[in-house]
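Breakdown of the fold
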Amino acid sequence: MPRANRLILAHIWVAVLAFGVAAAMAVMQALSRANLEVPYRSARMYYMSVTAHGVLMALVFTTFFIMALGYAVAQRENGEIRWLRFGWIMYGIAVTGTVMAAWAILTFRASVLYTFYPPLQAHPAFYIGLTLVVVASWGWCASIIASWRESRRRRGESPVSLAMHGTTANAMLWLLATIGVASEMLFQLIPWSLGWVKTVDPLLARTLFWFFGHPLVYFWLLPAYVIWYALVPREAGGKLFSEPLARVTFSLFLILSTPVGFHHQYQDPGIPAAWKLFHTFNTMAISFPSLVTAFTVVASLEVAGRLRGGKGLFGWIRALPWGNPVVSSVLFAGLLFMVGGFGGAINAAYVLNSVVHNTAWIPAHFHLTVGSAAALTFMGACYYLVPRIAGRELELGLLAKVQPFLWFLGMVLFSFTGHIAGLMGLPRRVFATDYAGAPQAEMWHTLTSVSALGGIVLFASAGCFVVVMIATLLTGKRTAVVPIEWAEPLSPPAGGFRKGIWDRLELWFVVAVVLVILAYAVPVYDLMHLTRYGSPGFKPF
Amino acid sequence: MKIDLYERVWMWGVGVMLALFFGSLANASIRHGFHPPSHVETIDPKKVFQNPLFSRQGVTVDAGGAVHVSVVGMMFAWLPGEMVLPAETPVTFHMTTVDVIHGFQIVRTNGQSMVIPGYVSQFTTSFKPGDYLIACNEYCGVGHHTMASKLKVVPKGSWQQPGALTSTAGVADAAR
Ligand SMILES: [Cu+2]
């Protein structure tokens, strides 16, 4: 086994274990919101578990998987990973940070949810632990960018692979985005939780958080897009419909992902409306590359379906290999993402947001995006990657086959009811939904019950994934290590593609920085020059 | 760069759709004045009850006849716990908090705003007659799901303008 593969598998292990714990936390929440009495049900337990679920799923599972995939892409590109020992040191830092944060959460010292808005104040280990994870991810970004530069040198006039291009765009996007959360942690939350400063400004903290929080969404999605573009067309038996356009979309994501954070703060005081509208405009712009991706990916799948003998307007859909979990998970991820994307356009709509903000609509929405488009794609990719990298056959293949179908069913039950309950005003993140018997709360009851049923189905699906992964990693029959194979473009020009302006990611990084300055410099400067009163910490949990 | 004809049609379609989305939002906000609550004003969260706007919570009518509501959020209650408002009348809500962040949400209306310590939130909306639940929609601690109050909206004609302010000063004193 190549030495780099051990590092990749070490990341996969953390991702799978974090996912398993987080999924167990989630099923309890779904039951609790349906007002069902389950063992250990209490408000304190509920808010702790929401924190654990959010941090372990959205920050730990995703980040470790994305780092594993990035290393696998770099390994495929150059036959080795740059700075392997450095990679192990970063891995050690990330695991240490995860353990610190998990300890603080599971011992009820950090029930501040994964958005950790001050003046709710967690134990310093929570903030320091998460900061270590981010610092380690910077090391990963440096390694990816080094691999990208090496590939560019080696390939001369032809561009790097599409997967490498997308992965590098994501690493650069992450470096820019994490400036926000790192400043929040280092200048506000860590000194404040250690008692070195007495107060922090909660609005500035929210602004820094959402500077990071929206590009975080793209940090999750871009690796999924890499899989959709570069892996799935071939796995489905077809070709990538259009490679040059795919490169453009990744560069556009790098440019546009960050200057949009105020669309999470539409309901905040202290930020003038005009700046919120400016971020709305950028938000509409960032929908463009996602919608282009939708076209190219569906077109590639149609190519695959027709090559497999599918006929007629929709016959190609049935001809796709639905029994292959690598493909079916992406098909379901894409279907759910279409619904999630339209919901997202409603969240982003400056005016309509007042109807859905902080209601059950919001978690229902992001379980279709990060929870399906990203997480389900990652699970599907694991069925492909882990056997190849570990040099083992996939164990319990039947469970792997069923898993994406269960996820789809569970998500439809959980998420569609959540959207409706949100439109009916049910707040998100509440332990119980009965509001002391208020008549307005009765209409939510059926919906939260169906939602709970969805939670159980999702938990069964998550269980399948975790069992398949652990069985494969520990007991899968040993085979040769097989390299990843990327999809081929449908009609490449004679002599192959040539490098173009959209391949110059360093240029687009600079453009992204300029846009961020345009979007944030003035409102943050104005905020800092208000007469502000800081807040001391509160620990009501 | 060679782009397929279908792709080009799709890209133009998407571009036009997004332009329409943004255009209609900009039109609603710039021409018709629809904005999310974006009031810019700060307040010392330790001295909320000394502030004339919040020393008494509840409904008032200003010299020009406009209806105002002052609300203070705290773990885990909205003050006042109950209020009565006239239907089909613009009402301006002023909100702040003495401790952590809360979310003021009048269920099944577009009336909501984040309430952040150190800042004053404000929005104006009007209601149909009926009984409304006001919830907290931002996690604020272990009692978050119990944080609620009641709003009764009555037909304009039968609404009684509060003579003296709806005083909950006693509660406020206790909480100070
Ligand atoms: Cu609250």
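This is a predicted model, so every value here is computed, not measured.

In terms of regular secondary structure, chain A is built from 16 helices and 0 strands. Scaling as 2.2 N^0.38, a compact globule of 541 residues should have a C-alpha radius of gyration of about 24 Å, and chain A matches this with 23 Å. Along the longest, intermediate and shortest principal axes, the C-alpha atoms of chain A span 65 × 50 × 45 Å. By residue count, 65% of the 541 residues in chain A fall in the buried class. Excluding contacts between residues fewer than 6 apart, the proportion of contacts in chain A whose partners are at least 24 apart in sequence is 84%. About 18,600 Å² of surface is accessible on chain A, with carbon and sulfur atoms providing 70% of the total.

Right, let's talk about the coordination of the copper ion for a bit. Residue and element names in this part refer to chain B. Listed as protein donors to the copper ion are H102 (ND1), C136 (SG), C140 (SG) and M147 (SD); their distances from the metal cover 2.1 to 2.6 Å. Around the copper ion, the 4 donor atoms sit at angles spanning 86 to 125°, and that spread fits a shape best called tetrahedral. Read in sequence order, the donor residues coordinating the copper ion give the pattern H-x33-C-x3-C-x6-M. In this pair, C136 is assigned in strand β9 (residues 130–136) and M147 in the loop between β9 and β10 (148–154), connecting sequence segments 11 residues apart. In this structure M147 comes out as buried when scored by relative accessible area, which is 0%.

Moving on to empty space enclosed by the protein. Residue and element names in this part refer to chain A. For the coordinates displayed, the defined rule picks out 5 cavities of 30 Å³ or more. Taken as a whole, the largest cavity encloses approximately 810 Å³ of empty space. Lining the largest cavity are 42 residues; nearest its centre among them are Q29, H53, P363, H367 and F414. Mapped by element, the contributors of at least two residues to the lining of the largest cavity are α1 (3–33), α2 (43–78), α13 (361–390), α14 (397–423) and α15 (445–475). Counting residues per element, the lining of the largest cavity draws most heavily on α2, which supplies 8 residues.

Turning to the interface of chain B and chain A, a few remarks are in order. Taken together, the contact pairs 64 residues of chain B with 74 residues of chain A. Roughly 5,600 Å² of surface becomes buried between chain B and chain A when both sides are summed, with 72% attributable to carbon and sulfur atoms. For the chain B face of the interface with chain A, the top three residues by lost area are B:Y119, B:Y139 and B:H145, together amounting to 13%. Between chain B and chain A we count 1 salt bridge in total. One salt bridge connects B:E138 with A:R429, and the closest N-O pair in it is separated by 3.2 Å.

Bringing the environment of A:H11 into the picture now. Residues and elements named next belong to chain A. Position of H11 relative to the elements: it lies in helix α1. Overall, the relative accessible area of 1% leaves H11 in the buried class. Taking the C-alpha atoms as reference, H11 lies 25 Å from V402; in sequence the two are 391 residues apart. Non-local contacts of H11, meaning those with residues more than four positions away in its chain, are made with F64, M67, A68, Y71 and Y91.

Turning our attention to the packing of aromatic side chains. Aromatic ring pairs: the centre-centre distance and the angle between the two ring planes describe each pair. Residues and elements named next belong to chain A. The full count for this structure, using the stated rule, is 46 aromatic pairs over all chains. Considering the side-chain rings of Y117 and F209, the 6.1 Å spacing of their centres and the 80° angle between planes classify their relative orientation as edge-to-face. Linking Y117 in the loop between α3 (84–106) and α4 (124–155) with F209 in helix α6 (residues 202–230), this pair joins segments that are 92 residues apart in sequence. Here Y117 and F209 have matching classes, each one buried. Between F241 and F295, the ring centres sit 6.0 Å apart and the planes meet at 75°, which makes this aromatic pair edge-to-face. With F241 in the loop between α7 (232–235) and α8 (243–256) and F295 in helix α9 (residues 273–307), this pair connects stretches of sequence that are 54 residues apart.

Below, the discussion takes up the confidence of the model for chain B. Residue and element names in this part refer to chain B. Per-chain confidence: chain B averages 89 in pLDDT, with 92% of residues scoring 70 or above. Low confidence marks residues 164–176, where pLDDT is under 50. Its contacts with residues over four positions away, or in another chain, come to 14 contacts. Of the two predicted TM-score estimates for the complex, the pTM is 0.94 and the ipTM is 0.90.

Turning our eyes to something else, we now look at the pairing of strand β2 (residues 67–74) of chain B. All names here are of chain B. The buried fraction of β2 is high, at 8 of 8 residues. Alignment of strand β1 (residues 58–61) against β2, held across 4 bridges, turns out to be antiparallel. In the sheet register, V59 faces β2, and the bridge partner there is V69. Pairing geometry for β2 and strand β5 (residues 91–97), over 7 bridges, is parallel. What sits directly across from V67, in β5, is V91. Inspection of the sheet shows β2 paired to strand β3 (residues 77–79) by 3 bridges, in the antiparallel sense.

Time to look at the pairing of β9(B). All names here are of chain B. Across the 7 residues of β9, 5 count as buried, placing the element largely inside the fold. With 3 bridges connecting them, strand β6 (residues 102–106) and β9 associate as antiparallel partners. Bridge assignment links I106 to a residue of β9, and that residue is I134. One ladder, built from 6 bridges, connects β9 with β10; its direction is antiparallel. For I134, the partnering residue across the bridge sits in β10 and is S149.

Quick look at the layout of surface pockets now. If you add up the space inside the second largest pocket, you get close to 470 Å³. A:E243, A:P244, A:F497, B:M1 and B:K2 are the residues nearest the centre of the second largest pocket, which is lined by 24 residues in total. Of all the elements, α8(A) adds the most residues to the lining of the second largest pocket, at 4 residues. For the lining of the second largest pocket, the residue count by class is 13 nonpolar, 3 polar and 8 charged.

Next up on the list: α2(A). The α-helix advances 3.6 residues per turn, and as a result positions three or four apart in sequence lie on the same side. Residues and elements named next belong to chain A. With 36 residues, α2 should cover 52 Å at 1.5 Å per step; its first-to-last C-alpha distance of 51 Å lies within 8% of that length. Along α2, the largest kink reaches about 35° and is centred on L56. Of all 36 residues in α2, 33 are buried; the element is thus mostly enclosed. Two residues or fewer past α2, G79 is found with a positive phi of approximately 75°.

A few words now on the pattern of salt bridges. All names here are of chain A. In this structure the tally under the stated criterion is 17 salt bridges over all chains. Notably, a salt bridge pairs R247 with D503, separated by 3.1 Å at the nearest N-O pair. Here R247 is found in helix α8, whereas its partner D503 is found in the loop between α15 and α16 (505–528), with 256 residues between them in sequence. For the pair formed by R247 and D503, the shared burial category is buried. With its nearest N and O atoms 3.8 Å apart, the salt bridge here joins E506 to R504.

This part takes up a nonpolar patch on the surface. Residue and element names in this part refer to chain A. On the surface, V298, L335, M338, V339 and F416 cluster together into a nonpolar patch covering about 380 Å² of accessible area. In terms of residue count, the dominant contributor to the nonpolar patch is helix α11 (residues 325–348) (3 residues). Relative to the helices and strands, M338 resides in helix α11.

Cut-offs used in this document
Residues numbered from 1 in each chain as written. Chains lettered and ligands numbered in written order. Predicted model: local features only at pLDDT ≥ 70, side-chain atom pairs only at ≥ 80, totals over all residues. Heavy atoms only, no water. Helix = DSSP H or I, 4+ residues; strand = E, 2+ residues; numbered from the N terminus. Rg over C-alpha atoms; globule rule 2.2 N^0.38 Å. Buried < 20%, exposed > 50% of the residue type's maximum accessible area, 1.4 Å probe, protein only. Contact = heavy atoms within 4.5 Å. Areas by Shrake-Rupley, 256 points an atom, 1.4 Å probe, with all protein chains shown as cover. Donors = N, O, S within 2.8 Å, 3.2 Å for Na, K, Ca; no water. Tetrahedral: all angles 85-135°; square planar, octahedral: opposite > 155°, others 65-115°. 1 Å grid on protein atoms, 1.4 Å probe; cavity = no way out; pocket = protein on both sides within 12 Å on 5 of 7 lines; lining within 4 Å. Points joined across faces, edges and corners; volume = space filled by probe spheres on them. Buried area = accessible area lost by both parts, 1.4 Å probe. Salt bridge = Lys/Arg side-chain N within 4 Å of Asp/Glu carboxyl O. Phe/Tyr/Trp six-rings, centres within 6.5 Å; stacked < 30°, edge-to-face > 60°. pLDDT = per-residue confidence, 0-100. Pairing = 2+ DSSP bridges. Nonpolar A, V, L, I, M, F, W, Y, C, P; charged D, E, K, R; others polar. Expected span 1.5 Å × (residues − 1). Bend = angle between axes of the 7 residues up to and from the residue. Patch = residues over 30% accessible without salt bridge, like charges linked within 9 Å, V, L, I, M, F, W, Y side chains within 5 Å.

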